[in-house]
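# Per-entry structural report
The residues making up each chain are set out below.
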Amino acid sequence: MKIESAVDRKTLIIRVAGELDMLVADEFRRKIDTLMERNCTKNLVLNLKGVNFIDSSGLGAILGRYKNITMGGGKVVLVGAPPQVRRILELSGILRITSEFETENDALEAM
Amino acid sequence: MKIRNQVKLSFMSVPENVPLARSAAGAFAAQMEFTLEDLEEIKIVVSEAVSNSIIHGYDNDPNRIVTLLCTIYEDAVLELVIEDEGKGIPDVPKAMETAFSTDPERMGLGFTFMQSFMETLKVESAVDKGTRVIMTKKPPRRVAASSELISEEN
């Protein structure tokens with residue numbers, strides 16, 4: 001798994017690539033939590049364009065960030081999930097609680 | 001039922017082996033006529049079952065053994081068996097309920113995915129003895145491609 005980040009005002013942008021499973025779930029969690037805190041950001045844009053596999057450990061890590069961030073009054077939105085990943089996000093119910101955008105710019109405008 | 005092909009993989013209960021196990025199962029299943037979506041689902045269910053063995057069966061103890069047995073039977077059925085000798089599941093029906101998880105950061109969707117992506121799912125578990133998850137899936141019935149139909153008519 002590779003993670004890149006950027007900050008736009010109060011929003012942290014995370015670009016993930018690779019497989020989101022139990023092997024990387026902790027690192028994913030830790031990195032995002034640390035970056036949110038360090039940059040004092042309130043919202044999260046999660047760009048999943050480079051993700052080619054996700055299972056319930058990966059879904060759990062996303063849901064955990066969603067819970068923390070929304071409890072703090074922030075928003076979590078998803079960008080660019082490939083079809084096979086999007087299908088799993090949909091089955092899990094995550095797409096019912098988060099908004100989805102095609103590009104990071106669209107997502108940032110909605111913040 | 002006669003076996004057409006079989007692979008057995010025994011590995012230490014470390015997270016690094018989760019991607020290995022699901023890739024092996026996916027590659028093994030690829031010799032059957034599964035769709036790409038089916039192969040993706042097979043990788044997910046193996047990932048879920050192996051993660052369960054490591055996290056729940058062995059409480060993340062890295063020095064135990066998980067076994068994956070992949071079999072193709074003569075009637076074109078794929079069977080996947082994931083087995084551990086861990087602490088077992090005291091209440092299997094409860095563990096299989098959607099959104100049941102002992103860990104708030106996991107979604108409790110593992111068994112739900114296994115149920116929805118596979119044709120059959122059986123969970124055999126005994127406390128302090130271990131858990132065996134047995135799943136089967138059949139490739140979709142082959143439909144002749146339209147180009148083949150046209151060439152036959154000509």
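Residues numbered from 1 in each chain as written. Chains lettered and ligands numbered in written order. Predicted model: local features only at pLDDT ≥ 70, side-chain atom pairs only at ≥ 80, totals over all residues.

## Considering the nonpolar core
What counts here: To count as a nonpolar core, a set of buried Ala, Val, Leu, Ile, Met, Phe, Trp, Tyr and Cys residues must be joined through C-beta atoms within 7 Å. With C-beta atoms placed from the backbone, a residue is buried if 20 or more other C-beta atoms are within 10 Å of its own, exposed if 12 or fewer are, and partly exposed between those counts. Residues are treated as contacting if the C-beta atoms built from their backbones sit within 7 Å of each other.
Counting 62 residues, the largest nonpolar core has Leu-46 of chain A together with Ala-25, Val-45, Val-46, Val-50 and Met-114 of chain B as its most contacted members. Those residues in contact with Val-50 of chain B that sit more than four places away from it in its chain are Val-18, Ala-21, Val-66, Leu-68 and Ile-82 of chain B.

## As for the interface of chain A and chain B
Stated formally: For the purposes of this entry, the term helix denotes a DSSP run of H or I that reaches at least four residues, the term strand denotes a run of E that reaches at least two, and both are numbered from the N terminus. Under this grouping Gly is polar, as are all residues other than the nonpolar Ala, Val, Leu, Ile, Met, Phe, Trp, Tyr, Cys and Pro and the charged Asp, Glu, Lys and Arg.
Contacts between the two partners involve 15 residues from chain A, matched on the other side by 17 residues from chain B. Secondary structure elements with two or more residues in the side of chain A that touches chain B: α1 (22-38), α2 (56-71) and α3 (83-92) of chain A. Of the residues belonging to the side of chain A that touches chain B, the class tally is 6 nonpolar, 6 polar and 3 charged.

## Some words on the environment of Glu-109 of chain A
Residues and elements named next belong to chain A. Along the chain, Glu-109 turns up in helix α5 (residues 104-109). Classification of Glu-109 as exposed rests on a count of 9 C-beta atoms within 10 Å. Here the alpha-carbon distance between Glu-109 and Gly-93, two residues 16 residues apart in the chain, equals 24 Å.

## Some remarks on the sheet that holds strand β2 (residues 65-73) of chain B
All names here are of chain B. What counts, and what does not: A pair of strands counts as paired when DSSP detects no fewer than two bridges linking them. Lines fitted to C-alpha atoms define the axes here, with helix axes fitted over just the stretch in contact, and angles between the N-to-C directions of these axes take values from 0 to 180 degrees.
Spatial ordering of the open sheet is given by β1-β2-β3-β5-β4, a layout of 5 strands whose pairing is antiparallel. What marks the edges here is a single partner per strand, and that holds for β1 (3-12) and β4 (120-126). Shown here is a sheet whose adjacent strand axes are inclined to one another by a mean of 10 degrees, direction ignored. Across 7 bridges, the pairing between β4 and strand β5 (residues 130-137) is antiparallel. Within β5, the position partnered with Ala-126 by the bridge is Gly-130. Contacting β1, β2 and β3 (78-84), helix α1 (residues 17-29) runs over the sheet at an angle of about 175 degrees to β1.

## Overview of the confidence of the model for chain B
It should be kept in mind that the predicted coordinates are not to be read in detail where pLDDT is low. As a reminder of what qualifies: How sure the predictor is of each residue is captured by pLDDT, a score from 0 to 100.
On average, residues of chain B carry a pLDDT of 90, and 86% of them reach 70 or more. For this predicted complex, the interface score ipTM comes out at 0.93, while the overall pTM is 0.91.

## Quick look at the packing of α1 of chain B against helix α2 (residues 36-57) of chain B
Residue and element names in this part refer to chain B. Convention followed: Left-handed describes a crossing in which the near helix is turned anticlockwise from the far one by less than a right angle; the clockwise case is right-handed.
One can describe the packing of α1 onto α2 by two numbers: an axis separation of 8 Å at closest approach and a directional angle of 145 degrees. Once α1 is placed against α2, the crossing between them reads as right-handed. Every residue of α2 that contacts α1 at Val-18, Ala-21, Arg-22, Ala-25, Gly-26 and Ala-29 is listed here: Leu-39, Ile-42, Lys-43, Val-46, Ser-47, Val-50 and Ser-51. Of the residues belonging to the contact of α1 with α2, the class tally is 8 nonpolar, 3 polar and 2 charged.

## A look at the sheet that holds strand β4 (residues 76-79) of chain A
Residue and element names in this part refer to chain A. Read across the sheet, 5 strands follow the order β1-β2-β3-β4-β5 without closing on themselves; strand pairing throughout is mixed. Only two strands of the sheet have a single neighbouring strand rather than two, namely β1 (2-8) and β5 (99-101). Going from strand to strand, the sheet's axes swing by 25 degrees on average, the running direction of each strand aside. In the sheet, strand β2 (residues 11-20) pairs with strand β3 (residues 43-54) via 9 bridges, with the strands oriented parallel.

## Notes on unusual backbone geometry
All names here are of chain B. Backbone geometry places Asp-59, a non-glycine residue, at a positive phi of 45 degrees. Within the secondary structure layout, Asp-59 lies in the loop between α2 and β2. The backbone of Asn-60 shows a phi angle near 65 degrees, a positive value even though the residue is not glycine. Secondary-structure assignment places Asn-60 in the loop between α2 and β2. A count of 13 C-beta atoms within 10 Å places Asn-60 in the partly exposed class.

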